[in-house]
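Descriptive structure summary
So the chains spell out like this:
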Amino acid sequence: MTEATIFPQLEIPNTLAAGPGPGNTDPRVLQRFASAGVADHMQPDVLRGMIEAKLMLREVMGTKNVYTFGVAGTGWSGLDVLFSAVQPGDKVVAFVNGTFSGIDGLTLRMKAATAEELAASPLDPKPASVVVVNVPHGQSVTGEIVEAALAEHKPKWAMMAHWETGSGRINDIQGFSEACQKHDVMGLIDAVSSLGVEDFRIDDYPGVAGWASCPQKGICCLPLTYAPVSFNDRYIDSLRKTGTRTFVHHPILEARHWGIIDGKDVEKGTYHRTHSAYAVAAFHEALRILLQQTVAGRAKSYAFHEAALRDAVTAMGCEVTSNMTSLVVLNLPGALAGREAELVQACRAKGFGIWPTLSEPVQVRIGILNLLNQQSITDIVTRFAQALKDFGAEVDTDAVLKNLQKHYDTAVAAE
Ligand SMILES: *Cc1c(COP(=O)(O)O)cnc(C)c1O
């Protein structure tokens, strides 16, 4: 008999998570996570926590949609629930302008493919009923692009990422919603990167029938908790008629544990699947923090700190091509072009967790999720300047830091 290998305890260091996500989890969230007692998923306080989280989530998302709740897992879990109403043969237009909307498009192609179409190319089906509109990396999806495609194809569903994290671009949600309304299309939005970062209310976009986000970006709740989703009545009515081939990711069934039954709030949830008391406690606290800071307050803070970082990397000779406020996506100074992956790797080896783009062209991405203070931004700027210098770029770190200090001094003076 061979001995079982037992590895030493797993130690994971604390890094500066300065990427597109996950963001730094608030200590208060971790404290609630670790302080929750062992309790099963039908224990009254766990069920109450889920009801309260559902009500807070409606505030955070700005909606009266009854079907608003959390899906256990990550962003893709919420998106899988969002796309679950799409049936084989359904007509869909998907707008793709980067890595993540690209995967959303793939998911939709899998859902809308007929059995024959799926078997013809199981991992990358190309169903005749799905039109993918590709917008080049670094550009936003505009209302005009959406309007033209929906006018031409008249689909049942349309999909767009609100903020495309792959290229750091904000897409035109107003134009998308208007085009969906005009052409009687049900809009589906990937709001994984925007919820909790931008100040918006989903009810202001009536052309959008369903939304999905994630726990670990704007909600700051990584300890594998809940991906927020929300559906309007039209989506739910459509799903009631067609049904869908999933139990666990069925929007109507999954909502039951959150106390949503037959389109109405009920006092307590009924069993759908096991929920973790730790996850419920953590998610509940993350939503409390967000509402205490307010969505508008957080959005303002992101814009302010992103501007500071943007100015600093521009002063180092980088070119920023993004317009999201939780992330800068940049081209390195000309002399370092082509060395993006190598530079990112060198930073990551030192616990400075920045990212390259995951699809062409290769660029560098630096994020500030839940790093909204002068000290964190200064730390990021200092480390990035050093990395550029290590690669042979000429950077006047003192001048860059002096300018950064000025950004913060001016803000204090203005208050
Ligand atoms: C991060 C991200 C996802 C994927 O989320 P996971 O939590 O990794 O599953 C999907 N869409 C967008 C726009 C994202 O930014």
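Residues numbered from 1 in each chain as written. Predicted model: local features only at pLDDT ≥ 70, side-chain atom pairs only at ≥ 80, totals over all residues. Heavy atoms only, no water.

The secondary structure content of the chain amounts to 14 helices and 15 strands. Relative to the globule expectation of 22 Å for 415 residues, the C-alpha radius of gyration of the chain, 22 Å, shows essentially globular dimensions. Its C-alpha atoms put the chain at 65 × 65 × 55 Å along the principal axes. Taking all contacts inside the chain whose residues are at least 6 apart in sequence as the whole, residues at least 24 apart take part in 71%. When the accessible area of the chain is evaluated, it comes to approximately 18300 Å², of which 55% is carbon and sulfur surface. Mean positive and mean negative side-chain charge positions of the chain (36 and 45 charges, respectively) differ by 4 Å. (Helix = DSSP H or I, 4+ residues; strand = E, 2+ residues; numbered from the N terminus. Rg over C-alpha atoms; globule rule 2.2 N^0.38 Å. Contact = heavy atoms within 4.5 Å. Areas by Shrake-Rupley, 256 points an atom, 1.4 Å probe, with all protein chains shown as cover. Lys, Arg positive; Asp, Glu negative; His and termini not counted. Charge placed at Lys NZ, Arg CZ, Asp CG, Glu CD.)

Moving on, we come to helix α10 (residues 277-293). An α-helical turn contains 3.6 residues, so any two residues separated by three or four positions project in the same direction. Spanning 17 residues, α10 covers 24 Å between terminal C-alpha atoms, matching the ideal 24 Å at 1.5 Å per step. The element α10 is extensively covered by neighbouring structure, given that 12 of its 17 residues are classed as buried. Turning to α10, its buried residues number three or more, namely Ala277, Ala279, Val280, Ala281, Ala282, Phe283, His284, Glu285, Ala286, Leu287, Ile289 and Leu290. In this fold, the buried residues of α10 make contact with α1 (27-35), α2 (44-61), β9 (226-231) and α11 (295-315). The opening residue of α10 is Ser276, an N-cap whose side-chain oxygen sits 3.1 Å from the backbone nitrogen of Tyr278. (Expected span 1.5 Å × (residues − 1). Buried < 20%, exposed > 50% of the residue type's maximum accessible area, 1.4 Å probe, protein only. Polar contact = N/O pair within 3.5 Å; in protein donor to acceptor, adjacent residues only side chain to side chain.)

It is worth spelling out the site of the ligand at this point. Close to the ligand lie Thr74, Gly75, Trp76, Leu79, Phe100, Trp163, Thr165, Asp190, Val192, Ser193, Gln216 and Lys217, which account for all nearby residues. Contact with the protein chains covers 90% of the free accessible surface of the ligand, which is 380 Å². With three residues, the single largest contributor to the shell around the ligand is helix α3 (residues 75-82). For the shell around the ligand, a count of residues per class yields five nonpolar, five polar and two charged. (Near = heavy atom within 4 Å. Nonpolar A, V, L, I, M, F, W, Y, C, P; charged D, E, K, R; others polar.)

With that settled, consider the sheet that holds strand β12 (residues 319-320). If you trace the four strands from one edge of the open sheet to the other, you get β12-β13-β15-β14, paired in antiparallel fashion. In this open sheet, the two strands that pair with only one neighbour each are β12 and β14 (355-356). Sheet analysis places strand β13 (residues 327-331) next to strand β15 (residues 364-367), joined by four bridges and oriented antiparallel. Looking at β15, one finds that Leu330 is bridged to Val364. Sheet strands touched by α11: β12, β13 and β15. Its angle to β13, the strand with the most contacts, is close to 15°. (Pairing = 2+ DSSP bridges. Axes fitted to C-alpha atoms, helices over the stretch in contact; angles between N-to-C directions.)

Secondary-structure assignment places Asn171 in the loop between β6 (169-170) and α7 (173-182). Only 2.8 Å separates the side chain of Asn171 from the backbone oxygen of Ala161, close enough to count as a polar contact.

In contact at an axis separation of 11 Å, α3 and helix α4 (residues 99-112) are set at 40° when each is read in the N-to-C sense. One finds that α3 runs oblique with respect to α4. Handedness of the α3/α4 crossing: right-handed. Taken together, the residues of α4 that come into contact with α3 (itself represented by Trp76, Leu79 and Asp80) are Phe100, Ile103, Asp104, Thr107 and Lys111. (Parallel < 35°, antiparallel > 145°, perpendicular 65-115°, else oblique. Left-handed = near helix turned anticlockwise from the far one by under 90°.)

Glancing now at the pairing of β15. Of the two faces of β15, the one lined by Val364 and Ile366 and the one lined by Arg365 and Gly367 are each fully buried. Pairing geometry for β14 and β15, over two bridges, is antiparallel. Residue pairing across strands places Pro356 opposite Val364, the latter belonging to β15.

Our next topic: the sheet that holds strand β7 (residues 186-190). Spatially, β1-β9-β8-β7-β4-β2-β3 is the arrangement adopted by the seven strands of the open sheet, whose pairing is mixed. A single partner strand is all that each edge strand has here, and the edge strands are β1 (67-72) and β3 (130-134). Averaged over all neighbouring strand pairs, the angle between strand axes comes to 20°, with direction disregarded. Both β7 and strand β8 (residues 208-212) contribute to a ladder of four bridges, which runs parallel. If you follow Asp190 over to β8, its bridge partner there is Ala212.

This brings us to the nonpolar core. By size, the foremost hydrophobic cluster in this structure holds 76 residues, and its most contacted members are Phe95 and Trp211. Counting residues in each nonpolar core, the second largest holds 42 residues, with Ala308, Val344, Leu388 and Leu404 among its members. (Core = buried A, V, L, I, M, F, W, Y, C linked by side-chain atoms within 4.5 Å.)

Here the focus is the environment of Pro223. If you trace the backbone, Pro223 turns up in the loop between β8 and β9. In this structure the C-alpha to C-alpha distance between Pro223 and Phe33, which are 190 residues apart in sequence, comes to 7.8 Å. Among all residues touching Pro223, those that are not within four sequence positions of it are Thr25, Val29, Leu30, Phe33 and Ala282.

Along its sequence, the chain is organised into domain 1 (27-291) and domain 2 (295-414). Computed from C-alpha atoms alone, the centre-to-centre distance between domain 1 and domain 2 is 30 Å. Each partner contributes residues to the interface: domain 1 has 25 residues there, and domain 2 has 22 residues. Summed over both sides, the interface of domain 1 with domain 2 buries roughly 1900 Å², with 57% coming from carbon and sulfur. At the junction of domain 1 and domain 2, the tally comes to zero salt bridges. The tally of links between domain 1 and domain 2 comes to eight residue pairs in polar contact (both at pLDDT 80 or more). Elements represented by at least two residues in the side of domain 1 that touches domain 2 include exactly α4, β5 (163-164), β6 and α10. Looking at the side of domain 1 that touches domain 2 residue by residue, the class counts come to eight nonpolar, 12 polar and five charged. (Domains from an automatic or database assignment. Buried area = accessible area lost by both parts, 1.4 Å probe. Salt bridge = Lys/Arg side-chain N within 4 Å of Asp/Glu carboxyl O.)

Attention shifts here to the pairing of β8. Burial of β8 is extensive: five of the five residues sit out of reach of the surface. For β8 and β9, the ladder comprises three bridges, and the chain directions are antiparallel. Bridging across to β9, Ala212 finds its partner in Val229.

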